[in-house]
Amino acid sequence: MTSTPELGKYGVWRRHSAFTPELSRSIESFGYGTIWLGGSPPADLTTTEEILDATETVVVATGIVNIWSDAAADVAASYHRLESKHPGRFVLGIGAGHPEATQEYTKPYDALVAYLDGLDGLDEAGVPVERRVLAALGPKVLALAADRTAGAHPYLTTPEHTREAREALGPNKILAPEHKVVLESDPEKARAIGRPPVNDPYLHLRNYTNNLNRLGYSDEEIGDGGSDRLIDALVAHGGAEEIAARLNEHLAAGASHVTLHSLPDDGDPLTTYREIAAALHT
């Protein structure tokens, strides 16, 4: 019987193109349980395979494969290739992305259902429910994640959203939110690093802005680069202990796993990973 891999309490999220075998080995050595490959990795999952080949025990997950870009059969074939080489160490995260990036983007909920149906319809060649998660923000897709997958991987969220997501998913599903971090004790400097990648593109994408509205942030707070209150909610900053405390708020709110996303994206994240891992006692 297929089982869901143990993700551990903490993971690392980074664009798939920015991972190297050496960085992946360092992340594993720091004690993180899961490496999340962001930025819509392609269906062949070659970067995923390289990371699995370079490491020994860390789980590798996609965060996320875009359903508009890759056919279910192609993704499933890659899943089985990885499972054959590294049994029990891969989780397929899938999602619908956002409408501004995809011309074909229509009725994303129906498209997600059809994609999951495709994975199921492949029978033994598909991806088991226990080995797939959905990018989910709103109640409808969270309910779909609970019904058709092992759980949810929300992006650009807060502990308040995590609390609501846990209620929607029920007690036993994976809930693995991403949270951005800046290892910088000066709030103004930290916001100067954190605001640009939050504003561009996410504060201009309606699936994220709608979710922020649901969480109580007004259009005025979301506009013009995001208010300080919003940026502070979405980007944990300070010393390692302060950031660790913020990440742990997700666990207290019901997350089973929280994955940190070090900013800036083009910076060297090793110091951040190392110091936060020590503060988290991974």
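A few points on the structure. Keep in mind it's a predicted model, so treat the numbers as computed, not measured. (Residues numbered from 1 in each chain as written. Predicted model: local features only at pLDDT ≥ 70, side-chain atom pairs only at ≥ 80, totals over all residues. Heavy atoms only, no water.)

1. Describing the pairing of strand β9 (residues 178-183)
The two faces of a sheet get side chains in turn, since along a regular strand they alternate between them. For β9, a buried count of five out of six residues is recorded, marking the element as mostly surrounded by other parts of the structure. When β9 meets strand β11 (residues 258-262), the two strands line up parallel, connected through four bridges. Within β11, the position partnered with His179 by the bridge is Leu260. In this structure, β9 lies alongside strand β10 (residues 235-238), joined through four bridges in parallel fashion. Looking across to β10, one finds that Val182 is bridged to His237. (Buried < 20%, exposed > 50% of the residue type's maximum accessible area, 1.4 Å probe, protein only. Helix = DSSP H or I, 4+ residues; strand = E, 2+ residues; numbered from the N terminus. Pairing = 2+ DSSP bridges.)

2. Things to note about the pattern of salt bridges
Per the counting criterion, the structure on display carries 15 salt bridges. Its salt-bridge partner being Arg148, residue Asp117 comes within 2.9 Å of it at the nearest N-O pair. Of this pair, Asp117 sits in helix α4 (residues 108-121) while Arg148 sits in helix α5 (residues 139-148); the two residues are 31 residues apart in sequence, bridging distant segments of the chain. Glu178 is the salt-bridge partner of Lys180, the closest N and O atoms lying 2.8 Å from each other. The same class applies to Lys180 and to Glu178, which are both buried. When salt bridges that share partners are traced, they join Glu188, Arg191, Arg195, Asp228 and Asp232 into one network. (Salt bridge = Lys/Arg side-chain N within 4 Å of Asp/Glu carboxyl O.)

3. Points about the nonpolar core
One finds Tyr32, Ile94 and Ile276 to be the most contacted residues of the largest nonpolar core, which totals 56 residues. Those residues within four positions of Ile276 in sequence are excluded, and the remaining contacts are Tyr32, Val181, Ala240, Ile243, Leu247 and Leu260. Formed by 30 residues, the second largest nonpolar core is a distinct cluster that contains Leu7, Val182, Leu230 and Leu234. (Core = buried A, V, L, I, M, F, W, Y, C linked by side-chain atoms within 4.5 Å. Contact = heavy atoms within 4.5 Å.)

4. As for the packing of aromatic side chains
Under the criterion given, the structure shown has six aromatic pairs. Between Tyr79 and Phe90, the ring centres sit 6.2 Å apart and the planes meet at 40°, which makes this aromatic pair tilted. Separated by 11 residues along the polypeptide, Tyr79 in helix α3 (residues 72-85) and Phe90 in strand β5 (residues 90-95) bring together distant segments of the chain. With respect to burial, Tyr79 and Phe90 carry one shared label: buried. Their ring planes at 50° and their centres at 5.1 Å tell us that Tyr155 and Tyr202 sit as a pair that is tilted. Within this pair, whereas Tyr155 is found in the loop between β7 (151-152) and α6 (159-169), its partner Tyr202 is found in the loop between α7 (187-199) and α8 (206-214), the two being separated by 47 residues in sequence. (Phe/Tyr/Trp six-rings, centres within 6.5 Å; stacked < 30°, edge-to-face > 60°.)

5. Topic: the packing of α5 against α6
Where α5 meets α6, the closest approach of the two axes is 8 Å, and the angle between their N-to-C directions is 45°. Classified by the interaxial angle, the pair formed by α5 and α6 is oblique. α6 is crossed by α5, and the crossing has right-handed handedness. In contact with Leu142, Ala145 and Ala146 of α5, α6 contributes Ala165, Ala168 and Leu169. Across the contact of α5 with α6, the residue classes break down as six nonpolar, no polar and no charged. (Axes fitted to C-alpha atoms, helices over the stretch in contact; angles between N-to-C directions. Parallel < 35°, antiparallel > 145°, perpendicular 65-115°, else oblique. Left-handed = near helix turned anticlockwise from the far one by under 90°. Nonpolar A, V, L, I, M, F, W, Y, C, P; charged D, E, K, R; others polar.)

6. Some thoughts on unusual backbone geometry
For the peptide bond that leads from Gly63 to Ile64, omega is 15°, which places it in the cis range. With respect to the element layout, Ile64 can be found in the loop between β3 (59-62) and β4 (65-66). The omega torsion across Asp200 and Pro201 is 20°, close enough to zero to call that bond cis. Relative to the assigned elements, Pro201 resides in the loop between α7 and α8. For Ser40, which is not glycine, the phi torsion reads 55° and is therefore positive. Assignment of secondary structure puts Ser40 in the loop between β2 (34-38) and α2 (46-54). According to the relative accessible area criterion, Ser40 is partly exposed, its value standing at 36%.

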